[in-house]
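So you can see what is in the structure, the chains are spelled out below.
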Amino acid sequence: MAAPRNDGLITAIDIGTWKVSALIARKQEDGTLAVLGTGQRESRGVRRGFVIDMERTELAVRETVEQAEKVAGTNIEKVMLSFSGGSVESKVEPVEMVIGDRRIEQADIDSLYDRARERIDPAGKVILQAQPTLYTIDGMRGVARPLGLHADRLGVDIHVVLADGAPLRNLETSVRGAYLDVQSIVAAPVATAAACLSDEERDLGVAMVELGAGVTNVSLHIGGMLVGLKSIPIGAADITDDIASAFGIRRSQAERMKCFYGSAMQSRRDFREIIEIAPAASSGEQAETRRVTRAELVGVICERLGRLMSEVSKALDEMGFHSPVGRQVVLTGGGAELKSIADYAQTSLGRAVRIGRPKLFDALPEAHRGPAFTTLTGLALYASKEREDLLNRPLAEQRVHRARAGAMVQRLITALKSGY
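The notes below deal with the structure included here. Please read all numbers here as calculations on a predicted model, not as lab measurements.

With that settled, the discussion passes to the sheet that holds strand 3 (residues 33–42). Strands in a sheet are paired, the pairing made by backbone hydrogen bonds, and the direction either parallel or antiparallel. The five strands are arranged 3-2-1-6-11 in an open sheet whose pairing can be described as mixed. Edge strands, defined here as strands with exactly one partner in the open sheet, are strand 3 and strand 11 (181–187). Across the sheet, the mean angle separating the axes of adjacent strands is 20° when strand polarity is ignored. Of the pairings in the sheet, the one linking strand 1 (residues 10–15) to strand 2 (residues 19–27) comprises six bridges and is antiparallel in character. Residue pairing across strands places Asp14 opposite Ser21, the latter belonging to strand 2.

Here is the structure:
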């Protein structure tokens, strides 16, 4: 029998095109996380990061959470979600005010936050987060803690993440249908970066390529924050479909071939290694076993990867990821588990590439330590750290699921002026 509900837990749910996964963790006294339970089910109602079948998504979420609850021995109510659809946008909003040549007080910082909130224009989108990052004092950027310093002008960069409202509401409605309360929705690149990028990488500049099943997110991180994001509607599932189409087999067979025999780099031995496959046959027909070389399989995989890496390179150029030469690319997501894909990406992009894996937690299962689970573990890490967010000032109940982003911000401003 499950234990009573425990609001002190952190529960993360990653709803992707290929799988739905959940993680229940507890924050320990030293600040680290201990995993209590995990769950995973096939995703049945999501395509390219968007919910297309609410009932099937709701069922997959319910089964996943029940599995995690059974392992953890407790029931949960509140969850955090990731969103990986192509409508996510990221921007930095700089705000500055004159305070006079004196010491900076907390009231000055609060006033700066109020001014920043008034400046945020969601342009019809929903604000997922609006977080202060680095401060500016008299034109000098990169100040972490301005409180108590003397200055004439005080400024701050607000990191704003936006998304279309309809896909978010569909996602949230599916989860609420599983009798869960959605605490917040976090953009997948933000959560993934928390799991597989170091603080130094994010400060110096790094590009992260998250190769999911239906979507590949390319994000640029500089100065400790997400400064650019592009979504490419191509993923690892497209490679599986290409294999199924090329050899006339079922998707399940194609996925197995990709995992066991697939590679992103071809070798001479591939032309001699034979793979036996049973083509998909219609009812009443007898399936005959086919024999193909591994080189044929790798050729199909590389053809799709070539198109994908071309789009990734284009996205990096559009975001200004040109120099310095030493900037690194971190490849993660389920598609990053393909053999030799880091070598392929490094050759294709002309930059150093490493595979991003999630940071280890206490009791994290071995099966959840691969690139496919960086977003899930990143959600838990993101939730475990306290962050200043303008959406929570002063209305604590403000959440990303408001119907209209423009009205949401206006209500915040009106409440503030009325002395709420």
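There is more to say, and it comes next.
On to the packing of aromatic side chains. Enumeration over the complete set of coordinates arrives at one aromatic pair. Ring centres of Phe50 and Phe83 lie 6.1 Å apart, and the angle between their planes is 80°; on these two criteria the pair is classed as edge-to-face. Within this pair, whereas Phe50 is found in strand 5 (residues 50–51), its partner Phe83 is found in strand 6 (residues 78–83), the two being separated by 33 residues in sequence. Judged by relative accessible area, which is 2%, Phe83 ranks as buried.

Relative to the helices and strands, Lys19 is located in strand 2. Asp14 provides the closest opposite charge to the buried, salt-bridge-free Lys19, at an N-O distance of 4.6 Å. Within polar-contact distance, the side chain of Lys19 engages the backbone oxygen of Ala372 at 3.0 Å.

Below, the discussion takes up empty space enclosed by the protein. For the structure on display, the rule yields one cavity of 30 Å³ or more. Computed from the structure, the largest cavity encloses a volume of approximately 40 Å³. Taken together, the residues of the lining of the largest cavity break down into five nonpolar, three polar and no charged.

What follows covers the packing of helix 4 (residues 188–196) against helix 10 (residues 374–384). Interaxial distance between helix 4 and helix 10 falls to 7 Å at its minimum, and their mutual angle equals 85°. Taken together, the axes of helix 4 and helix 10 are roughly perpendicular relative to one another. Side by side, helix 4 and helix 10 meet where Ala188, Val190, Ala191, Thr192, Ala194, Ala195 and Cys196 of the first sit next to Thr374, Thr375, Thr377, Gly378, Leu379, Leu381 and Tyr382 of the second. Each residue belonging to the contact of helix 4 with helix 10 can be placed in one class, and the counts come to nine nonpolar, five polar and no charged.

Before going further, it helps to spend a moment on the pattern of salt bridges. Here the idea is simple: oppositely charged side chains can pair when their charged atoms come close. For the structure on display, the rule yields 22 salt bridges. Here Asp157 makes a salt bridge to Arg141, at a shortest N to O gap of 2.5 Å. Here the residue Asp157 occupies a position in strand 10 (residues 150–163), and Arg141 occupies one in strand 9 (residues 140–143), the gap between them amounting to 16 residues. Its relative accessible area of 56% is what places Arg141 among the exposed residues. In this structure, a network of salt bridges that share partners links the residues Arg41, Arg44 and Glu63.

Next up on the list: unusual backbone geometry. Even without glycine at this site, Arg48 takes up a positive phi of about 55°. Among the structural elements, Arg48 can be located in the loop between strand 4 (46–47) and strand 5.

Of all six residues making up strand 1, six are buried, and the element is well covered by its neighbours. Where burial is concerned, the two faces of strand 1 agree: the one with Ile10, Ala12 and Asp14 and the one with Thr11, Ile13 and Ile15 are both buried. Connecting strand 1 to the antiparallel partner strand 2 that follows it, the hairpin turn spans three residues.

Thresholds, definitions, all that
Residues numbered from 1 in each chain as written. Predicted model: local features only at pLDDT ≥ 70, side-chain atom pairs only at ≥ 80, totals over all residues. Heavy atoms only, no water. Pairing = 2+ DSSP bridges. Helix = DSSP H or I, 4+ residues; strand = E, 2+ residues; numbered from the N terminus. Axes fitted to C-alpha atoms, helices over the stretch in contact; angles between N-to-C directions. Phe/Tyr/Trp six-rings, centres within 6.5 Å; stacked < 30°, edge-to-face > 60°. Buried < 20%, exposed > 50% of the residue type's maximum accessible area, 1.4 Å probe, protein only. Lys, Arg positive; Asp, Glu negative; His and termini not counted. Salt bridge = Lys/Arg side-chain N within 4 Å of Asp/Glu carboxyl O. Polar contact = N/O pair within 3.5 Å; in protein donor to acceptor, adjacent residues only side chain to side chain. 1 Å grid on protein atoms, 1.4 Å probe; cavity = no way out; pocket = protein on both sides within 12 Å on 5 of 7 lines; lining within 4 Å. Points joined across faces, edges and corners; volume = space filled by probe spheres on them. Nonpolar A, V, L, I, M, F, W, Y, C, P; charged D, E, K, R; others polar. Parallel < 35°, antiparallel > 145°, perpendicular 65-115°, else oblique. Contact = heavy atoms within 4.5 Å.

Remember, this is a structural readout, not a statement about activity or role.
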